[in-house]
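The primary structure of each chain is shown beneath.
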Amino acid sequence: MNGLLALGKYLDQPRLVGKFSKAVPGLLIGSGVLFTAKHVMNTPKEDKYKEFVKTTCVLSATIASALIATRGIGQIKIGGKVLFKGFEGLSEKIDLKQLGAENTKLIDEFLKNNQVTENILKILQKAKNKVLKISEIKTVFTELGKEKKGQGFLNKLIPNPENIDSKHILGEIKRLSLMGLIPVLGGIAGGIAGDKLTENNWAEKIPNKIKEGSYQYLANIFLCNVGAGAALAALENFNVKSKFYRAVGMLGGIIAFGLIGGSAIANIIGRTCLDPIIEKGRQYKHHKHGHHHPLPDKEKIRNRSLYYDRKPEAIDIGLHVDDVATVAVLSGLKWIEPALPILYSVSGYRAGIGYRNGHQH
């Protein structure tokens, strides 16, 4: 077994996935507290209270939303009518105590019927209740993987990731997209609440939050999922089973739909759909008070740069690290799933503060 395969098996250990999943809520909350403290420390004295309230509201709503998305949401009905079908959260929670009992039974049964070296015996005894190192994974898989019995045992101990076929692609894209949408909506709601508690003109700040939220969701989450899913569907159509080629193909789809085209598409939607609604609302508001605020000239809108409303920045490109997670999940890998709420929370926070290219409106 080479080092790359050993790394993959190391990350796929159910015990490691379970421990990481259990730690995610604490990591999210702890990171939020530290970020808030640092942000307030770097804020001028006269603005500290306002920034504390705003940041606390945004991060609390974003983190809570991300954790809710992790668990999934059930069907919502009102008066017998289904308003929302719901979606599944991350992989089923791993009971570490039960996992230890299952591993002990599996390993004891294998050792009862098979002879192994002292070194392999030591590693297997450790695997009952502890996470194995990469070197130990490599050693045990190299030694026991030579025979069919050993291969079957190892695949039960650390199951191989399953290839998701085309029938499940749309469901996975929908699940991941909803999971990413909820923290963004939570961030917007938290941002509005924070502004309402600290600002008199809080309503005027809502459009920037909506526009940034739509940008974050479309450019950094949804379109990337669509690109990965489209590529996976194409590979499935050509009967490509190799996990390597599937992963490469999905990354190509993400680059085409998300990294390159996502920002452009998000801005086009912002200009053609959101801007007219926002400007119409402002026109109505000013008209009520006797002031006429005309809609932007159509020719000016057409002459705007493609990235006029929101230019992609380094952190936006960095946020595409969650696309690696998307590829992993769609490839059947489960070890990356617990990290998704953390990655999506960044987009939720930026939506909540109404970030627009260098300014926190």
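Placed above this text is the structure.
Calculation notes
Residues numbered from 1 in each chain as written. Predicted model: local features only at pLDDT ≥ 70, side-chain atom pairs only at ≥ 80, totals over all residues. Heavy atoms only, no water. Axes fitted to C-alpha atoms, helices over the stretch in contact; angles between N-to-C directions. Helix = DSSP H or I, 4+ residues; strand = E, 2+ residues; numbered from the N terminus. Parallel < 35°, antiparallel > 145°, perpendicular 65-115°, else oblique. Left-handed = near helix turned anticlockwise from the far one by under 90°. Contact = heavy atoms within 4.5 Å. Nonpolar A, V, L, I, M, F, W, Y, C, P; charged D, E, K, R; others polar. Buried < 20%, exposed > 50% of the residue type's maximum accessible area, 1.4 Å probe, protein only. Arc of directions from axis to C-beta. Polar contact = N/O pair within 3.5 Å; in protein donor to acceptor, adjacent residues only side chain to side chain.

Draft legend 1. Fine view of the packing of helix α9 (residues 206-237) against helix α15 (residues 340-352). One way to put it is that α9 packs onto α15 with a least axis distance of 7 Å and a crossing angle of 160 degrees. The angle between α9 and α15 falls in the class roughly antiparallel. When you trace α9 past α15, the crossing you get is right-handed. Here α9 contributes K209, E212, G213, Q216, N220, I221 and N225 to the contact with α15, which in turn contributes Y344, S347, R350, A351 and G352. Residues that form the contact of α9 with α15 fall into these classes: three nonpolar, six polar and three charged.

Draft legend 2. Region of the structure containing helix α6 (residues 134-144). Looking at α6, one finds that the buried residues are E136, I137, V140, F141 and L144. The buried side chains of α6 occupy one side of the element, clustering within an arc of 120 degrees when seen end-on. Contact partners of the buried residues in α6: α1 (3-11), α4 (96-113), α5 (118-127) and α7 (148-157).

Draft legend 3. Inspection of the packing of helix α2 (residues 14-41) against helix α3 (residues 48-71) at higher detail. For the pair α2 and α3, the least separation of the axes is 10 Å and the interaxial angle reads 165 degrees. Relative to α3, the element α2 is oriented roughly antiparallel. Seen along the crossing, α2 lies across α3 with a hand that is right-handed. In this structure, α2 uses P25, L28, I29, G32, F35, T36, H39, V40 and M41 to contact α3, whose residues at the interface are K48, E51, F52, T55, T56, L59, I63, A66 and L67.

Draft legend 4. Structural context of the environment of G187. The residue G187 is located in helix α8 (residues 166-198) in this model. You can call G187 buried: its relative accessible area is 0%. Sequence separation between G187 and C57 is 130 residues; the distance between their C-alpha atoms is 8.4 Å.

Draft legend 5. Looking closely at the side chain of Q216. Here Q216 lies in helix α9. Classification of Q216 by relative accessible area gives buried; the value is 0%. Separated by 3.0 Å, the side chains of Q216 and S347 make a polar contact.

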